[in-house]
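Examining the three-dimensional arrangement
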Amino acid sequence: MGALNCIIKGKARLGHRVHRKTYTTAAFTQVNLDDKGALAKLVEALRTNYNDRYDEIPCPWGGNVLGPKSVACIAKLEKPKAKDIATKWLNEHC
């Protein structure tokens with residue numbers, strides 16, 4: 001059985017489940033016989049909703065779109081480079 005991943009909203013929610021104030025990760029090492037059925041349901045739900053659909057779930061961030069400050073900074077850095085390239089080209093061809 002591979003490792004299952006699940007994202008829980010907030011450290012406090014996970015901490016509530018393990019009887020702590022906050023918790024970031026949890027790993028199950030032993031399970032009571034009474035709870036094996038519930039764990040099997042949980043494992044199946046996690047596998048179908050998270051692990052099997054990893055490639056289908058889009059990331060809401062990124063997209064390689066720069067903000068206006070970044071665009072201005074890059075333009076400021078590129079301006080002297082373009083001027084230098086133009087000067088070299090003119091010196092070679094004239």
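Located above this text is the structure these notes cover.
In this report, we go over the structure that sits alongside the text. Just so you know, these numbers come straight off a predicted model, no measurement behind them.

With that out of the way, let us pick up the overall build of the chain. Secondary structure summary: the chain contains three helices and zero strands in total. Ordered by position from N to C terminus, the α and β elements of the chain give α-α-α. Against the compact-globule benchmark of 12 Å for 94 residues, the chain has a radius of gyration of 27 Å, which places it well outside the compact range. For the chain, the C-alpha atoms occupy an extent of roughly 85 × 30 × 20 Å along the three principal directions. Counting all 94 residues of the chain, 4% fall into the buried class. A total accessible area of about 9,200 Å² is found for the chain, and carbon and sulfur atoms account for 58% of it.

For the rest of this paragraph, the subject is the environment of Thr22. Locating Thr22 in the fold gives a position in the loop between helix H1 (11–17) and helix H2 (36–51). Assessed through its relative accessible area of 42%, Thr22 is described here as partly exposed. Sequence separation of Thr22 and Arg47 is 25 residues, and the distance between their C-alpha atoms is 25 Å.

Here we come to the pattern of salt bridges. Enumeration according to the criterion identifies two salt bridges in this entry. For the salt bridge of Lys81 with Glu78, the shortest nitrogen-to-oxygen distance reads 4.0 Å. Taken together, the residues span about one helical turn, with Lys81 and Glu78 both in helix H3 (residues 68–93) at a distance of three residues. The partner of Lys88 in a salt bridge is Asp84, with the nearest N and O atoms 3.8 Å apart. With Lys88 and Asp84 both in helix H3 and four residues apart, the pair spans about one turn of that helix.

Glancing now at a nonpolar patch on the surface. Together, Leu66, Val71 and Ile74 line one region of the surface with nonpolar side chains, adding up to about 260 Å² of accessible area. Its place among the elements puts Ile74 in helix H3. For Ile74, a relative accessible area of 41% puts it in the partly exposed group.

Along the chain, the position of Lys83 falls in helix H3. Along the chain, Lys83 and Ser70 lie 13 residues apart, while their C-alpha atoms are 20 Å from each other.

Further remarks concern unusual backbone geometry. Unlike most non-glycine residues, His19 shows phi in positive territory, near 60°. Of note, His19 is situated in the loop between H1 and H2. Among the residues examined, His19 registers a relative accessible area of 70% and is labelled exposed.

About the thresholds
Residues numbered from 1 in each chain as written. Predicted model: local features only at pLDDT ≥ 70, side-chain atom pairs only at ≥ 80, totals over all residues. Heavy atoms only, no water. Helix = DSSP H or I, 4+ residues; strand = E, 2+ residues; numbered from the N terminus. Rg over C-alpha atoms; globule rule 2.2 N^0.38 Å. Buried < 20%, exposed > 50% of the residue type's maximum accessible area, 1.4 Å probe, protein only. Areas by Shrake-Rupley, 256 points an atom, 1.4 Å probe, with all protein chains shown as cover. Salt bridge = Lys/Arg side-chain N within 4 Å of Asp/Glu carboxyl O. Patch = residues over 30% accessible without salt bridge, like charges linked within 9 Å, V, L, I, M, F, W, Y side chains within 5 Å.

These results come straight from atomic positions and should not be treated as a statement about function.
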